[in-house]
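What the coordinates show
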Amino acid sequence: MSKQYKSFINGAFVASSLDAVIEVFNPATEELIGSVSNSTAHEINAAVEAARNAQPAWEKLPAIERAGYLRKISNAIRENVDYLAEIIAREQGKTMDLAKVEVNFTADYIDYMSEWARRIEGEIITSDRPNETILLMRKPIGVVVGILPWNFPFFLIARKMAPALITGNTIVIKPSEETPLNAFAFAEIVAGLDLPPGVFNLVFGDGRSGGQLVTHPKVDMVSFTGSVATGKRIMQAASVNLTRVNLELGGKAPAIVLADADIDLAVNAIHQSRVINSGQVCNCAERVYVARAVLQEFVDKMVLKMQGTKFGDPLAGQLLDMGPLISRAQLEKVKSAVDIAVEQGAVVAVGGKVADIGKGHHYEPTVLVNCTHEMDIMRNETFGPVLPIQAVDSLDEAIELANDSEYGLTSSIFTRDINAAMQACRELKFGETYVNRENFEAMQGFHAGRRKSGIGGADGKHGLYEYMETHVVYLQS
C-alpha cells in the first residue's frame, strides 16, 4: 500500500481539500511508492500567508537564536541518515552511498549557514557632508519561495532554506513532483522540533502549483533550480509583481584535457563526474575536448572505466556506481540524444542504448567519439551517463569551443602546466572552473552561472547575501 503525504503549513500537516494526487514511482523498479496532493490555490495561499505572518517575529530574533533552530534541524537529520537516504534512493534512484553523502552534506550545509549568524556585515560609507555618517545595513527580503529539482532533492531544501532562515526570511518549499517524499520527511523533522509555526512551510504540486507561488503578491523572492525552459517561465511570471528571482539553470560543462595532463587522473575525475547520479547533475562534465596527441589513450581508458561501471537498483543490496534515470521521459530523452548524435556522425565506443536489465529507467554508460562542435550532443544538455569526446589541436581552440555555448555554469581543465591552467581560468566564461579534479562545488564557494545557466547564485558569503537586501541610512548629527 502506498502512503499519501500531506503538506506542512503553519506548523501542522494539512490534508488537501481535493482528491487530486500526484503518484510517485520508484525509477529503478517502476513500482508506486506514494502519492502527494496537488496543492490547491487555497493551500498555497495559506502557506504564503503563514510565512508572511511569521516573518516579522522571526526577523526580530537575534541571528544567533535563529542559528540555534537550524542546528536542531541538522542534528535531527544526522540522527536519521539511513532512513532519509533510503527514501532518496527509493524515489530518486540515487545509489545508497551517494544518498548518504547527500543527507550528511545537507546537515553540514545547514550548520555552515548557521555559522553566519555572527558574520552578517554592513558597511560604513564616507559622507560628503560634515557630521554625517552613512550606514549600509543588510536586511531580510521577506517571504522566500524555494522551487526544487529532483536530482538532489534533499540537499536543495537546505540550500534554499538555510540561508533564507538565518538571514531572517521565512520560506515556502515546493519540491519536484518527481521527488516529494524526502521533502515530507524533512517536514516531519521540523514538526518534531520547536521551530515557530510558519517559518518553514511545504506544499506539493506540479507546474501549476509552482506558478501560483511565483505570481503570489506576498512572495518577495523565488529561488529556483531546474531547467532553462522552466526558469524562463518563472522569470516571466515573477515579472507580474517584480518579484526577485534567483535561478540556477542548466549546464553543458566542458572538460579540457591537454597533452601534458595526468591521463589517469583526468579519466577518473571525468568518469566520476559523468556517472554520479547517473549523469543527472547540472555542473558535471557533459562534453570533453582532448588534445589529439593523447586522444586515443584517453578514449581507451575511458571506455574501460565506462565498461566497468556498475548500475542497477540501488536498493537491491549491491555496491553500484549509478542507478536509473529519474523517469521514462528522461530515459527517452537520453536515448534520443544519442541516436541523433549517431545520425550526425558520432561513433559509439561503448554503451549507446537502453540497458536490458528488466524493469527501471536504466541507460548504459556511453562514450561517443568522432564528435564535432556542431553536433547537438556537444551543445544541448543531455543529463544522462553519456560522454561525447572531440579532438582539439590547441588550448586556444579548446577554450573557443568551450565558450561557444548558451550555458555557462561550470568547466574544467586537466594539465600539469600552471600557465595553461591560469590561461583557462582567465578566458573560460563560466561561473566555475575545476583544475585537475572532479566537478563538485564547496559550500563555502559561490555556485553561479553565466548566460542561460542562471541569475544569481548559491553558497558561501555571496550566496547568503542573495537572501538579503540593503538599507542605507544617512545619519546627520
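Notes on the structure follow. Given the structure is predicted, the values throughout are model-derived calculations rather than measurements.

**A word on the pattern of salt bridges**
With the rule as written, the count across this model stands at 25 salt bridges. Ionic pairing is found between Asp-111 and Arg-78, a salt bridge with its closest N-O pair at 2.8 Å. Taken together, the residues span a long stretch of sequence, with Asp-111 in helix H4 (residues 96-114) and Arg-78 in helix H2 (residues 63-78) at a distance of 33 residues. The buried category is assigned to Asp-111, whose relative accessible area is 17%. Asp-264 is paired through a salt bridge with Lys-301; the nearest N and O atoms lie 2.8 Å apart. Pair noted here: Asp-264 is in helix H9 (residues 263-275) and Lys-301 is in helix H10 (residues 295-307), with a separation of 37 residues, a long-range link. Shared partners join several salt bridges into a network, and the residues in it are Arg-159, Glu-248, Glu-441 and Asp-459.

**Some points on the layout of surface pockets**
Over the atoms a probe the size of a water molecule is rolled, and this reveals where empty space is left. Considered as a void within the structure, the largest pocket measures approximately 740 Å³ in volume. When residues in the lining of the largest pocket are grouped by element, the largest group, six residues, is from helix H8 (residues 228-238). Looking at the lining of the largest pocket residue by residue, the class counts come to 14 nonpolar, eleven polar and eight charged. By volume, the second largest pocket amounts to about 230 Å³. For the second largest pocket, the full set of lining residues is Thr-95, Asp-97, Leu-98, His-271, Gln-272, Val-275, Ile-276, Asn-277, Leu-320, Asp-321, Glu-438 and Phe-440. Only H4 and H9 provide two or more residues apiece to the lining of the second largest pocket.

**Side note on empty space enclosed by the protein**
Inspection of the entire model under this criterion finds two cavities of 30 Å³ or more. Considering only enclosed or pocket space, the largest cavity measures out at about 250 Å³ in volume. Taken together, 22 residues form the lining of the largest cavity, with Phe-152, Phe-155, Leu-156, Arg-159 and Glu-441 sitting closest to its centre. Those elements that place two or more of their residues in the lining of the largest cavity are H4 and helix H5 (153-166). Of the residues forming the lining of the largest cavity, the biggest block, five residues, is contributed by H4. Along the lines of polarity and charge, the residues of the lining of the largest cavity split into 13 nonpolar, four polar and five charged. Estimated volume of the second largest cavity: approximately 70 Å³.

**Concerning helix H13 (residues 418-427)**
Of the residues making up H13, those classed as buried are Ala-420, Ala-421, Gln-423 and Ala-424. Angularly, the buried residues of H13 cover 160 degrees about the axis, an arc narrow enough to put them on a single face. Pointing more than 90 degrees away from the buried face of H13 are the exposed residues Ile-418, Asn-419 and Arg-426. In this fold, the buried residues of H13 make contact with helix H12 (395-403), strand E19 (410-414) and strand E20 (432-435). Sitting at the amino-terminal end of H13 is Asp-417, which places a side-chain oxygen 2.9 Å from the backbone nitrogen of Asn-419.

**Focus: the pairing of strand E14 (residues 285-291)**
Within E14, seven of the seven residues are buried, which leaves the element mostly enclosed by the surrounding structure. Sheet analysis places strand E13 (residues 253-257) next to E14, joined by five bridges and oriented parallel. Bridge pairing links Pro-254 to Arg-287 in E14. Tracing the backbone out of E13, into H9 and back to the parallel element E14 gives a crossover that is right-handed. As defined by bridge partners, E14 adjoins strand E17 (residues 386-392) across four bridges and the pair is classed as parallel. Bridged to Val-288 within E17 is Ile-389.

**Some details on the nonpolar core**
Counting 67 residues, the largest nonpolar core has Ile-77, Ile-110, Met-161, Phe-186 and Phe-200 as the members making the most contacts within it. Here this core gets ten residues from one element, more than from any other, and that element is H5. Counting residues in hydrophobic clusters, the runner-up holds 27 residues, among them Ile-256, Ala-341, Ala-402 and Leu-428.

Definitions and cut-offs
- Residues numbered from 1 in each chain as written.
- Predicted model: local features only at pLDDT ≥ 70, side-chain atom pairs only at ≥ 80, totals over all residues.
- Heavy atoms only, no water.
- Salt bridge = Lys/Arg side-chain N within 4 Å of Asp/Glu carboxyl O.
- Helix = DSSP H or I, 4+ residues; strand = E, 2+ residues; numbered from the N terminus.
- Buried < 20%, exposed > 50% of the residue type's maximum accessible area, 1.4 Å probe, protein only.
- 1 Å grid on protein atoms, 1.4 Å probe; cavity = no way out; pocket = protein on both sides within 12 Å on 5 of 7 lines; lining within 4 Å.
- Points joined across faces, edges and corners; volume = space filled by probe spheres on them.
- Nonpolar A, V, L, I, M, F, W, Y, C, P; charged D, E, K, R; others polar.
- Arc of directions from axis to C-beta.
- Contact = heavy atoms within 4.5 Å.
- Polar contact = N/O pair within 3.5 Å; in protein donor to acceptor, adjacent residues only side chain to side chain.
- Pairing = 2+ DSSP bridges.
- Right-handed = clockwise from strand over helix to strand, strands pointing away.
- Core = buried A, V, L, I, M, F, W, Y, C linked by side-chain atoms within 4.5 Å.

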